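Chain and residue survey
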Amino acid sequence: MNNLRETVIEGISKEPLETVENTLMRVYNHLQLEQRYIMVRELITLFSAEKWLERKKASIILASIGKDAVNPMLKALQTEENRDTLYWLMHTLMAVGGPEVLAVFEHLLDHPSHQLRAYVIQNLEHLKHPAKLSLLIKALNDPIWQHRKTASEIINGLGMSAVKQLNTLYKNATQDQRFWIIKSIGTILREKGVDPFCKFVIKGDKEARYFALVALAATREEHAIPIFIKSLRDKEWYLRFQAANYLEGFGEKAVPHLMQYAQREKNCSARLTAYKVIARIQKGESVPFFRGLLKSGSRDKFEEEKIIIMEALGETGSRAAVELLIDMFEDDKWLVRKEAVRMISRIGNRIPEEVLPVFRGYFDSEMENPCYWILQVVEESSSVFHEIYHYYFKIRNDNIRNAIVQSVCTLSPDRFDDDILAVLFAGLSDPFWPVRKMSAEAIAGVGMRVVQPLLNLAATRIDRNTCHWVQQILQHIVPEGVRALTNFLREKGISDLSELCINQNGDTSLRQGSSCLPSSAETGINTQPADKPPVQAPSDFIDTTQVNITYTDRQVKQFLEELKHSEFEEVKFMSLQSLCSIRSLDDSHNEKIRKVFDRLRQKASEELKRAIDEAASKIFSTD
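Residues numbered from 1 in each chain as written. Predicted model: local features only at pLDDT ≥ 70, side-chain atom pairs only at ≥ 80, totals over all residues. Heavy atoms only, no water.

1. A closer look at the pattern of salt bridges
Quick reminder of the rule: By salt bridge we mean one thing: a side-chain nitrogen of Lys or Arg within 4 Å of a carboxyl oxygen of Asp or Glu. Runs of H or I in DSSP of at least four residues are treated as helices and runs of E of at least two as strands, each being numbered from the N terminus.
A full pass over the atoms with the stated rule returns 26 salt bridges. The residue Glu265 makes a salt bridge to Arg233 at a minimum N-O spacing of 3.1 Å. Remark: Arg233 occurs in the loop between α15 (225-230) and α16 (237-250) and Glu265 occurs in the loop between α17 (255-264) and α18 (268-282); sequence separation between them is 32 residues. Here the residues in one salt-bridge network are Glu248, Lys276, Arg280, Glu311, Glu315, Glu339, Arg342 and Arg346, joined through shared partners.

As structure tokens, this is what we get:
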């Protein structure tokens, strides 16, 4: 036995592929029945050999042994787990064929292991038996798409000899099987199948028309294109959809047909579909065609035509399309301009690297109308376009700066990142009053998150406009915000808000006249009167003449969160002040406030402790 094993291994390893079959078959033919069985088992073990060539040689010899090797291989198939061995067992059994093999493989096509089914389907190509096609048709029902595709490709390789049997099997097949069968018939017949299938597209029922389109697409014949174009007006939307997809699959061959059709077709929906297919095939190369259509203006309903052309341009995903769509911002119809915004947004969200350079060019040139509509695109697109907001800092045109801030204000405050807040903070000292007002309103909508940045801004800015709007924003966010601002500034060594308006040379203050301010050329700030002169704030933190203010549970919770977690004492002071402003707090609020106050007293500074005690006496005075 050992000698036989060594003979097999040596023959496999040393004999070249061309002669190994003759060499080992001579050995096999001289063996007794029991020894032949042993040799077959040794050859099967070589299916897991490290070298592919050795596995290949073992398969060739076992296939030559034929039926006598089938039962040992079938037994091994039931217990084997090694993937290489499984593959080569199936490969060799397919080459041998026979009723036993067919029965096993038909059963394995229902096996729960998708990997095992894949091996079976892949090796059906090597099966030498008339029932091969039936097994492949069964595989067309496999739940894995790739397995169905593999079976279909093997069927395609059978050629014309399989067409008659495919037609017979088609009648009783499932819908999945019909799809792949008809596709294979179209692939095999090519030009010969075009005319017969075209008749089904014209006269067949819904299912027949669908499967005829599948077969025609598989032929890849150019003279089938007109029937797909005709199907763009099929009464069934799904068939129109499929026809468009198959036309796209024909590529450049379909474009001349589609262009001719689109320019004579009066049905708007069909014409739009044709335009879209052209755009998807040619991408940016289709833009000159659409530019020509836009310039012609020959149709009666030209506004409608512009809109469907722009819809198609949105499919191209190209920079040239964006430039053409921006040209439409000059159109006299609002609906056309709005559609241009929507299509640029579509392209921009897919390929922003194509869109942003075009946007930058228009902002650099400071062309008002395109810049306004580009900002509408920014509002409808993802945050990747926020870099356009950075142009605020270098644009001199008041209207464009105003449009940029207006665009920022359309965003939800929770989308305000540091870059956007920087634009809004800069807007507080903008030369254009509407920009200052909008910036302040937007900042105020953010809430407590901007309090500390506003305090820092007030401590570093020297212009009157910033002073005024910081006061207004703080008063909006928290009661007596200006008082907290004054305390904060005094800690910074600034005794009065008006001192912020002293110019860099230490000249007289704002109260002595606006002439002391730096010129607009030096600061970029206009010399018109300030929005409102800075006011003197009371020095006491807690005022006994508070007004009644109603807050929601969420706002009360927010003030308490600031008290517990803020790292800045001035923010804690303002939160205390806000709580003091509320005259009617229910028991649940009071209990929460007590707990927070007790916790704060343990680590608070002496000043903050006094403020907490004073606030507690006010809040709980009615207890």
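2. A few points about the environment of Arg178
This is how the line gets drawn: We call a residue buried when its accessible area falls under 20% of the maximum for its residue type, exposed when it is over 50%, and partly exposed in between, using a 1.4 Å probe and counting protein chains only. Throughout, a residue-residue contact means that at least one pair of heavy atoms, one from each residue, lies within 4.5 Å.
Looking at the element boundaries, Arg178 is found in helix α12 (residues 175-189). The exposure class assigned to Arg178 is buried, which follows from its relative accessible area of 19%. Linking Arg178 and Asn167, residues 11 residues apart in sequence, is a C-alpha distance of 9.8 Å. Apart from the residues lying within four places of it in its own chain, the contact partners of Arg178 are Tyr170, Lys171, Ala173, Glu207 and Phe211.

3. Here we look at the layout of surface pockets
Test applied: Only protein atoms enter the calculation, which uses a 1 Å grid: trapped sets of points that fit a 1.4 Å probe without letting it out are cavities, open sets showing protein on both sides within 12 Å along at least five of seven lines are pockets, and any residue with an atom within 4 Å of a point is a lining residue. Grid points are joined across faces, edges and corners, and a volume is the space filled by probe spheres set on the points.
Approximately 270 Å³ is the volume found for the second largest pocket. Around the second largest pocket sit 15 residues that line it, and Asn167, Tyr170, Ile182, Phe197 and Phe200 are the ones nearest its centre.

4. Some words on the packing of helix α6 (residues 83-96) against helix α8 (residues 114-123)
For the record, the criterion: Between the N-to-C directions of two axes lies an angle of 0 to 180 degrees, each axis being a line fitted to C-alpha atoms and, for a helix, fitted only over the stretch in contact. Helix crossings are classified by the rotation of the near helix relative to the far one: an anticlockwise turn of less than a right angle makes the crossing left-handed, while a clockwise turn makes it right-handed. Lys, Arg, Asp and Glu make up the charged group, whereas Ala, Val, Leu, Ile, Met, Phe, Trp, Tyr, Cys and Pro make up the nonpolar group; the residues left over, Gly among them, are polar.
Packing of α6 against α8 brings their axes to within 9 Å, and their N-to-C directions diverge by 35°. Crossing hand, α6 versus α8: right-handed. Contact residues: α6 offers Arg83, Leu86, Tyr87, Met90, His91 and Met94, while α8 offers Gln115, Leu116, Tyr119, Val120, Gln122 and Asn123. Across the contact of α6 with α8, the residue classes break down as seven nonpolar, four polar and one charged.

5. Regarding helix α10 (residues 145-156)
Short version of the rule: To estimate the expected span of a helix, count its residues, drop one, and scale the result by 1.5 Å.
Along its 12 residues, α10 runs 17 Å from first to last C-alpha, staying within 8% of the 16 Å computed at 1.5 Å per residue. Turning to α10, its buried residues number three or more, namely His147, Arg148, Thr150, Ala151, Ser152, Ile154 and Ile155. Elements that come into contact with the buried residues of α10 comprise α8, α9 (132-139), α11 (163-170) and α12.

6. Details of α9
Given 3.6 residues per turn, any residue in an α-helix points the same way as the ones three and four places further on. The element α9 is largely enclosed, with a buried count of six among its eight residues. All buried positions along α9 are accounted for by Lys132, Leu133, Leu135, Leu136, Ile137 and Ala139. Looking at the buried positions of α9, the neighbouring elements they touch are α7 (99-108), α8, α10, α11 and α12.

7. A short note on the confidence of the model for the protein chain
This is how the line gets drawn: Per-residue confidence from the predictor is given as pLDDT, running between 0 and 100.
Looking at the protein chain, the pLDDT average stands at 79 and 82% of residues meet or exceed 70. Scored below 50 in pLDDT, residues 495-551 makes 105 contacts in the model with residues more than four places away or belonging to other chains.

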